[in-house]
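Breakdown of the fold
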Amino acid sequence: MQERQGRTASGWGMLFLGVLVGLGSVAGFVCGLAFHSIALLVSMILLFFIGLLVLGGLFMLEPNQAVVMLLFGQYAGTEKTAGFRWANPFYTKRKISLRVRNFDSEKIKVNDKKGNPIDISAVVVWRVTETAQATFDVEDFRDYVIVQSESALRHLATSYAYDDTEGESHSLRSSLDEVNDTLQREIQERVKTAGVEVVEARINHLAYASEIASAMLQRQQAEAIIDARQKIVDGAVGMVQMALSQLAETNVVAMDDHEKARLVGNLMVVLCSDKATQPIVQAGD
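Turning our attention to the overall build of the protein. Helix and strand content of the protein: seven helices and 10 strands. When each of the 285 residues of the protein is scored for burial, the buried share is 33%. Of the contacts formed within the protein by residues at least 6 apart in sequence, a portion of 68% connects residues at least 24 apart.

Burial analysis of strand E9 (residues 117-128) places 10 of its 12 residues in the buried class, which makes it a mostly covered element. By the bridge criterion, four bridges tie strand E7 (residues 101-104) to E9 in an arrangement that is antiparallel. Bridge pairing in E9 places Asn 102 opposite Val 125. As paired elements, strand E8 (residues 108-111) and E9 share four bridges and run antiparallel to each other. Bridging from a neighbouring strand, Ile 108 pairs with Ile 120 of E9. The antiparallel pairing of E8 with E9 creates a hairpin that spans five residues between the two strands, and Gly 115 there sits at a positive phi of about 90°.

Here we come to the nonpolar core. In terms of nonpolar packing, the biggest core is built from 37 residues, with Trp 126, Phe 141, Leu 153, Leu 183 and Ile 187 touching the most fellow members. Contributing elements (two or more residues each) for this core: strand E3 (65-71), E8, E9, helix H3 (131-137), helix H4 (141-159), helix H5 (176-191) and strand E10 (196-208). In this structure, Phe 59, Leu 61, Ala 87 and Tyr 91 belong to the second largest nonpolar core, which totals seven residues.

Analysis parameters
- Residues numbered from 1 in each chain as written.
- Predicted model: local features only at pLDDT ≥ 70, side-chain atom pairs only at ≥ 80, totals over all residues.
- Heavy atoms only, no water.
- Helix = DSSP H or I, 4+ residues; strand = E, 2+ residues; numbered from the N terminus.
- Buried < 20%, exposed > 50% of the residue type's maximum accessible area, 1.4 Å probe, protein only.
- Contact = heavy atoms within 4.5 Å.
- Pairing = 2+ DSSP bridges.
- Core = buried A, V, L, I, M, F, W, Y, C linked by side-chain atoms within 4.5 Å.

Here it is, written out as structure tokens:
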């Protein structure tokens, strides 16, 4: 079903015409009573109902609002012009909002690419662009968007790992921009049947499921400790090399290999220890 422009007119002129017909029919009815003319009375009654029928075609449209019009079950068009409008009084009119909407999906539990259970939810910003499709191609476009968004979110979660470990180049936690773009494209592909445009979609909540959260936290802490230790050791080795090199250049003290090895061991202990070291001063031989 493709949207098309409906035939409407400004409501002010038709309001004036309807009131004019109504007042004229009342005046004619009074004259019919004065002259005892049955034909005039009947015609004025019919004219009065025609005036009411004209007034029945008036309706109001707010900005970013549309009305879908049907004539005896057939789609007659859509009007999006804001203001006071008039259309065929026999039209059935269904108003639909074109404003931007958003919803926060419920947290769902799903397995990521590696099979780890995670809790995930998303915020989806959307709006109706094709009123005919939204009205006639799906039963309820609001529920349709919510259900399809949840389906796309589940598929996204199974396509990425939670974290970028073991050679994963992209993950849910570290590649948010790419993940959000992918989510938006997937939802848009699923809801285009309903005449809906997805303005934005982004991950709102992401965490390991409660049953594995503690174990995964310990794993992350262990990885952080290993990374920190590696940096400490690399720095300590560089400082020891610099110390030995400067001692050799300045000839401050002459040391054999055994003394150098002992110096290296002491420096590494001091530099790599996670607690403050207490030096022991040798007073004599």
